[in-house]
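# Working through the structure, step by step
Here is how the chains run, residue by residue.
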Amino acid sequence: MDLKAHMNSNTFCALTWMHTSSEPYGTCRSCCIAREHIKDDKGNILSLADYSITEVLNSPYMQKLRTDMLRGQKPKQCQTCWEDEDNGKESKRLLYNRMIKDFGFKINNAVDNCRPRDVQINIGNTCNLKCRTCSPVCSSKWVKEWKDRDRKIWKPEINVNMNDYDNSKFWLDIDGWSKTVQRMEIMGGEPFYNKSFKRLVHRLIDNGSSKNISLNLSTNGTIYDDELMRLMLKNFKAIGVNVSIDGVYEHFDYIRHGVAWEKVKQNLDDFFKLYADQHQYKEPNGYWKMNMSYTVTIGLLNVHYLRDIHEFFEKNYINKTGIANHYRGQKENALEGDRQVPRLEIWNNVVYYPSYYSSNNMPEEIKDKVLHRVTNPEDYGLRKWHPDTYNNNIVPIINHTKRKGGDKEWMAFVNETIHTDSYRKEKFETTFKELFKIYKPYWLEAMKEITTPQAQFKIEALAENKG
């Protein structure tokens, strides 16, 4: 079987040959946006506490997934990528198919003898924020509120905790699986708030594998640990920091909740200062060891303000950096010459789950009004989009928002927002006053509907499975 013949097909995904993605409990998916867990023949979810990464990657489930792709099938658990591609967005599948060439990943022809090259490790749910779109599964800060609101916390049937250092297969086999890994992405919770992350960093340094690993971190920006950052820069092949910010100023405080925006802004400045002054870590061949980006996840709470968020990052950070795609020894051609670091980027994600936060689930009649601030930012005192940014990165968000939505999801969004506001003593209508002005007539109509027992049961059921 010639794998190269499938590389450019519309069903092939390189991730399935080299990757697994874990969750806080150690449960696994073929990637973080897959619609279902990796399971054994009896329907039990595989966990890194009980199975090595290599065993999960070569499980019958993953072998079938690879075989289906080679046969030209589009697995249902990969639906997020198929939808992104329909919207004109570069999906995770397409991104990784392109990325393996840049990283020189080697993928064998077999479906049953794969080695982990790229792994996404969710180091636990320890977190200092309780973001609106999250849940106790991924944030320990959510637990009390979830219980106070009389909701069930989902937990798989597992015998060993992934971060049980003495019994978890993940930690016991670390010297084995880390030997072949070339890229590692760390999720949370919040990695800088979790002692297991620092332990993992030291273990990888001590066993010698760190020098071959590009380590990428997703952080909420609430903590900046300069000592740990410099330790990683000295010992890993490369470091990537992706700061996830879904709103700025009071919007951040509302959506993320737990650490004040002023503190986060200071940390953003500190991360940028390290990034902009990373010349001491630059390799002799000109390779930049640190890359950084910002991720904005777009949903019903913030799609109206997408241009505002981008403009904040452009003014404060991005426009102070150099030219794109200059990480690998190429000559910079910018005002500051060799001292100009590569240009920072913004990654736009869309909320698919929980479904009632997805931007397409607002009433159809108001979508153009909500999107007008995005499509015509100059009417609101904001700068016009760069044509390339707009066509490549913003149009897919617009296309997603314009997809047909659901009435029950809209009602669930209103219901969830009202109850969360009540618990936290916050107000959506004053924090997002421009957006609420557009939402208001349909918001009030939804409030009438959700008071019925039948509707209340349905929308609460959506929230029970949140996250």
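Sequence order as written defines the numbering, with residues in each chain counted from 1. Totals for whole chains, interfaces and linings use every residue, but because this is a predicted model, local features are given only for residues with pLDDT of at least 70 and side-chain atom pairs only at 80 or more, for both listing and counting. Think of the side-chain values as coming from all heavy atoms in the structure, minus any hydrogens and water.

### Overview of helix H18 (residues 433-449)
A run of H or I in DSSP becomes a helix once it reaches four residues, and a run of E becomes a strand once it reaches two; helices and strands are each numbered from the N terminus. The span expected for a helix works out to 1.5 Å for each residue beyond the first. When the terminal C-alpha atoms of H18 are compared, their 23 Å separation across 17 residues agrees well with the 24 Å that a helix rising 1.5 Å per residue should span. Take the seven residues that end at a residue and the seven that start at it, fit an axis to each, and the angle between those axes is the bend at that residue. The largest bend along H18 measures about 60° and falls at Tyr 439, with the proline Pro 441 one to four residues further on. Any residue under 20% of the maximum accessible area for its type is buried, any over 50% is exposed, and the rest in between are partly exposed; the area is computed with a 1.4 Å probe on protein chains only. Among the residues making up H18, those that are buried are Leu 435, Phe 436, Ile 438, Tyr 439, Trp 443 and Ala 446. In this description, contact between two residues means that some pair of their heavy atoms is separated by no more than 4.5 Å. On its buried side, H18 packs onto helix H14 (367-375), helix H16 (407-424) and helix H17 (428-431).

### Structural notes on the sheet that holds strand S1 (residues 19-22)
Sheet strands pair by backbone hydrogen bonding; their relative direction is either parallel or antiparallel. Taking strand neighbours across the sheet as the criterion, the eight strands line up as S2-S1-S3-S4-S5-S6-S7-S8 in an open arrangement whose pairing is mixed. The strands lining the two open edges of the sheet, one partner per strand, are strand S2 (28-29) and strand S8 (345-350). One requirement defines pairing of two strands: DSSP has to find at least two bridges between them. Taken together, the five bridges between strand S3 (residues 118-122) and strand S4 (residues 183-187) define a ladder with parallel strand orientation. By the bridge assignment, Ile 121 is partnered in S4 with Ile 186. Each axis is a line fitted through C-alpha atoms, taken for helices only over the stretch in contact, and angles between the N-to-C directions span 0 to 180 degrees. Sitting on the sheet, helix H10 (residues 226-235) touches strand S5 (214-219), strand S6 (238-244) and strand S7 (290-298), and the angle it makes with S6 is about 140°. Across the face of the sheet, helix H12 (residues 261-276) comes into contact with S5, S6 and S7 while running at roughly 145° to S7.

### Describing the pattern of salt bridges
A side chain with one charge can pair with a side chain of the opposite charge if their charged atoms come near. A side-chain nitrogen of Lys or Arg and a carboxyl oxygen of Asp or Glu constitute a salt bridge if their distance falls within 4 Å. Under the defined criterion, the tally for this structure stands at 26 salt bridges. Note that Glu 416 and Arg 151 form a salt bridge whose closest N and O atoms lie 2.8 Å from each other. Of this pair, Glu 416 sits in helix H16 while Arg 151 sits in the loop between helix H6 (142-148) and helix H7 (169-172); the two residues are 265 residues apart in sequence, bridging distant segments of the chain. The same class applies to Glu 416 and to Arg 151, which are both buried. Among the salt bridges present, the one from Glu 314 reaches Arg 307, with a minimum N-O distance of 3.1 Å.

### A word on the packing of helix H9 (residues 195-206) against H10
Where H9 meets H10, the axes come as close as 11 Å, and the angle between the chain directions of the two elements is 25°. Put simply, H9 runs roughly parallel to H10. Note on packing geometry: the crossing formed by H9 with H10 is left-handed. Contacts between H9 and H10 pair Phe 197, Lys 198, Val 201, His 202 and Ile 205 from the former with Leu 228, Leu 231, Met 232 and Asn 235 from the latter. The residue classification treats Ala, Val, Leu, Ile, Met, Phe, Trp, Tyr, Cys and Pro as nonpolar and Asp, Glu, Lys and Arg as charged. All others, Gly included, are polar. The residue inventory of the contact of H9 with H10, partitioned by class, reads six nonpolar, two polar and one charged. Here is the rule for angles: anything less than 35 degrees is roughly parallel, anything more than 145 is roughly antiparallel, 65 through 115 is roughly perpendicular, and the remaining ranges are oblique. The hand of a helix crossing depends on one turn: near helix anticlockwise from the far one by less than a right angle means left-handed, and clockwise means right-handed.

### Looking at the nonpolar core
The biggest cluster of nonpolar side chains holds 123 residues, and the ones touching the most others in it are Met 184, Met 229, Met 232 and Tyr 294. Sequence-distant contacts of Met 232, defined by excluding residues within four places in its chain, comprise Phe 192, Phe 197, Val 201, Leu 215, Leu 217 and Ile 239. As used here, the term nonpolar core means buried Ala, Val, Leu, Ile, Met, Phe, Trp, Tyr and Cys residues forming a set that is joined through side-chain atoms within 4.5 Å.

### A word on unusual backbone geometry
Backbone torsion omega between Gly 188 and Gly 189 reads 15°, so that peptide bond is classified as cis. Mapped onto the fold, Gly 189 is located in the loop between S4 and H9. A positive phi angle, near 60°, is found at His 257, a position not held by glycine. With respect to the secondary-structure elements, His 257 resides in the loop between helix H11 (250-256) and H12.

### Remarks on H9
Across its 12 residues, H9 extends 17 Å between first and last C-alpha, which sits within 8% of the 16 Å expected from 1.5 Å per residue. Taken residue by residue, H9 has Ser 196, Phe 197, Leu 200, Val 201, Leu 204 and Ile 205 as its buried positions. For this analysis, a polar contact is any N or O atom pair within 3.5 Å, provided that within protein one partner can donate a hydrogen and the other can accept it, and provided that sequence-adjacent residues contribute only side-chain to side-chain pairs. Among the residues of H9, the N-terminal cap falls to Asn 194, whose side-chain oxygen and the backbone nitrogen of Ser 196 are separated by 2.9 Å. In the stretch just after H9, Gly 208 is the one whose phi turns positive, near 85°.

### Notes on the environment of Ile 186
With respect to the secondary-structure elements, Ile 186 resides in strand S4. Other than its neighbours up to four places away in sequence, Ile 186 contacts Ile 121, Ile 123, Pro 191, Phe 197, Leu 200, Leu 215, Asn 216, Leu 217 and Ser 218.

### Regarding the pairing of S8
Across the two faces of S8 the burial differs, with Ile 346, Asn 348 and Val 350 buried and Glu 345, Trp 347 and Asn 349 not buried at all. In this structure, S7 lies alongside S8, joined through six bridges in parallel fashion. Residue pairing in the sheet places Val 296 in a bridge with Asn 348 of S8.

### Digging into the environment of Asp 68
Within the fold, Asp 68 resides in helix H3 (residues 60-70). Looking at Asp 68, the relative accessible area reads 11%, which means it is buried. Spatially, the C-alpha atoms of Asp 68 and Lys 427 are 48 Å apart, while their sequence positions differ by 359 residues. Setting aside its immediate chain neighbours within four residues, Asp 68 contacts Gln 73 and Pro 75.

### Observations regarding the state of the cysteines
Formally, a disulfide is one covalent bond, and it connects the sulfur atom of one cysteine to the sulfur atom of another. The disulfide criterion is simple: two cysteine sulfur atoms within 2.5 Å. In the structure shown here, the tally under the stated rule is zero disulfides. Looking at Cys 81, it has no disulfide partner, and the nearest cysteine sulfur is the one in Cys 31, 5.9 Å off. The thiol sulfur of Cys 134 is not disulfide-bonded, and the nearest other cysteine sulfur, from Cys 138, lies at 4.8 Å.

### Quick word on the packing of aromatic side chains
Under the pairing criterion, centres of Phe, Tyr and Trp rings, with the six-membered ring standing for Trp, must be within 6.5 Å; the plane angle then separates stacked pairs below 30 degrees from edge-to-face pairs above 60, leaving the rest tilted. Taken as a whole and judged by the stated rule, the model has 34 aromatic pairs. Taking the centre distance of 5.6 Å and the plane angle of 55° together, the rings of Tyr 249 and Trp 261 count as tilted. Note that Tyr 249 is positioned in the loop between S6 and H11 and Trp 261 in helix H12, a separation of 12 residues in sequence. Centroid distance Phe 313 to Tyr 317: 6.2 Å. Interplanar angle 40°. Geometry classified as tilted. Accessibility expressed as a relative area gives 0% for Phe 313, which makes it buried. Owing to a relative accessible area of 2%, Tyr 317 belongs among the buried residues under this scheme. Members of the aromatic cluster, connected to one another through ring pairs, are Tyr 254, Tyr 305, Tyr 356, Tyr 357, Trp 410, Phe 413, Phe 428, Phe 432, Phe 436, Tyr 439 and Trp 443. Across from the ring centre of Tyr 352, 5.8 Å away, lies the NZ or CZ of Arg 35, which sits over that ring. In this scheme, the term charge over a ring applies when either NZ of a lysine or CZ of an arginine sits within 6 Å of the ring centre and within 35 degrees of the ring normal. The aromatic ring of Tyr 254 is capped on one face by Arg 132, whose charged end is 3.8 Å from the ring centroid.

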